[in-house]
Amino acid sequence: MRTERNLTRLDRVFARLDREPERPAHLDVPRMSRHRVVLFGATLAFYLAIVVAVLVTSWLVRFDWQVMFFRPYQQWPEIHAFLDYWVVLGQRGPTAVMVAAWLGWRSWRQHTLRPLLMFGTALLLLNVTVGAAKIGMGRLGPHYATVIGSNEMWQDGDIFPSGHTANAVVTWGILAYLASTPRTRRYLSALSAVVSLSVGLTTVYLGTHWLSDVFLGWAAGLLILLALPWFEPLITRVEAVIFRVREAWRDRRAGTTATAPEPVPAPVGVPAIVQQRPSAGGEAPAREPVGAARTTTRPPAYLAPGPHTARSERTPVTPAGSRRPPHPHADRVPRGAASARPMAGG
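Residues numbered from 1 in each chain as written. Predicted model: local features only at pLDDT ≥ 70, side-chain atom pairs only at ≥ 80, totals over all residues. Heavy atoms only, no water.

Moving on: the nonpolar core. Taken as a class, soluble globular proteins show a tendency for nonpolar side chains to be buried jointly. The biggest cluster of nonpolar side chains holds 52 residues, and the ones touching the most others in it are Tyr47, Phe160 and Ile174. Secondary-structure elements contributing two or more residues to this core are helix 2 (34–55), helix 3 (59–70), helix 6 (92–110), helix 7 (114–137), helix 8 (163–177), helix 9 (182–206) and helix 10 (211–227). With 11 residues, the top contributor of residues to this core is helix 10. With residues up to four places along the chain from it excluded, the contact list for phenylalanine 160 reads Ile50, Val51, Val54, Ala133, Lys134, Met137, Arg139, Met153, Ser212, Asp213 and Leu216. (Core = buried A, V, L, I, M, F, W, Y, C linked by side-chain atoms within 4.5 Å. Buried < 20%, exposed > 50% of the residue type's maximum accessible area, 1.4 Å probe, protein only. Helix = DSSP H or I, 4+ residues; strand = E, 2+ residues; numbered from the N terminus. Contact = heavy atoms within 4.5 Å.)

A few words on the side chain of threonine 171. Considering the arrangement of structural elements, one finds threonine 171 in helix 8. Given the relative accessible area of 0%, threonine 171 is considered buried. A polar contact of 2.8 Å, which involves the side chain of threonine 171, links it to the backbone oxygen of asparagine 167. Contact partners of threonine 171, with chain neighbours within four places excluded, come to Thr95, Val99 and Phe119. (Polar contact = N/O pair within 3.5 Å; in protein donor to acceptor, adjacent residues only side chain to side chain.)

Further remarks concern the pattern of salt bridges. If you walk through the whole model with that rule in mind, you get five salt bridges. The closest approach of N and O atoms between glutamate 247 and arginine 246, which form a salt bridge, is 2.5 Å. By relative accessible area, which is 11% here, arginine 246 ends up buried. When salt bridges that share partners are traced, they join Asp64, Arg139 and Asp213 into one network. (Salt bridge = Lys/Arg side-chain N within 4 Å of Asp/Glu carboxyl O.)

Have a look at this one:
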């Protein structure tokens, strides 16, 4: 009888994934070309120039103070409520959930983990690089500044570079990086640039960041996007390892859940030969089939002559004599009965 094992939810997910098309062969994977290397070097130089300009308290720091005293949130208060919501596009939690959901759907459709792995790599680089810069330079924000005209460095702050700006560049820029066609990549690049620029300027409007923080956030996010092609070979190896582990797990699970065939009983009537050890005299005892009928000395049962009749047609035979044992006081006469003994005397 053929039986089918019950599929678990994970097995159904893998079965659904296996029916989807493979990753398109024409997918353009970005390479670290000479143009990209030059752009990466220029962005790194801009990053270092911003850091040096803030450290030496140059004109950029004075411009930061002028923008802070201008107080844009007081100049245009009618857009304050809208920008409070718009700046959420730079927060890591909500944006990471939205982008991860979209890239997860793409991974499902294209049967590849590359979109999710690239997004995870970009977020890891963002946390390490931007977080280290924030803690290392420790700059205070405009709301917590203490000395007018100072760069507010090494004051245990955490706003340089702007995390909202860098996160907006990386989170929305990864969609352009993973685009399937050059045309889609251009459109998504323009859209991510508009979102990241507007989020950075929104933080300046709200007074939570200096303008130099936003400049450095743009450079930090762009450096991460430009460096992603260097991690493509690693992502490919990790994806291959994950799929190999998945296939091994599925094979092991299929082996453990497979039902073992039931043992087939030996056919009745076929004797099995039992090998016995030879006796001490060197003569091997005769082999006897196991289960064969042994000859007995009991005489054969008596069969009545005549043709065979059905049980219902047979006449019951009453055995001779009674099977009841004799009564121990059978010679007694019941009371009231006439005695057969002659009476003495006359």
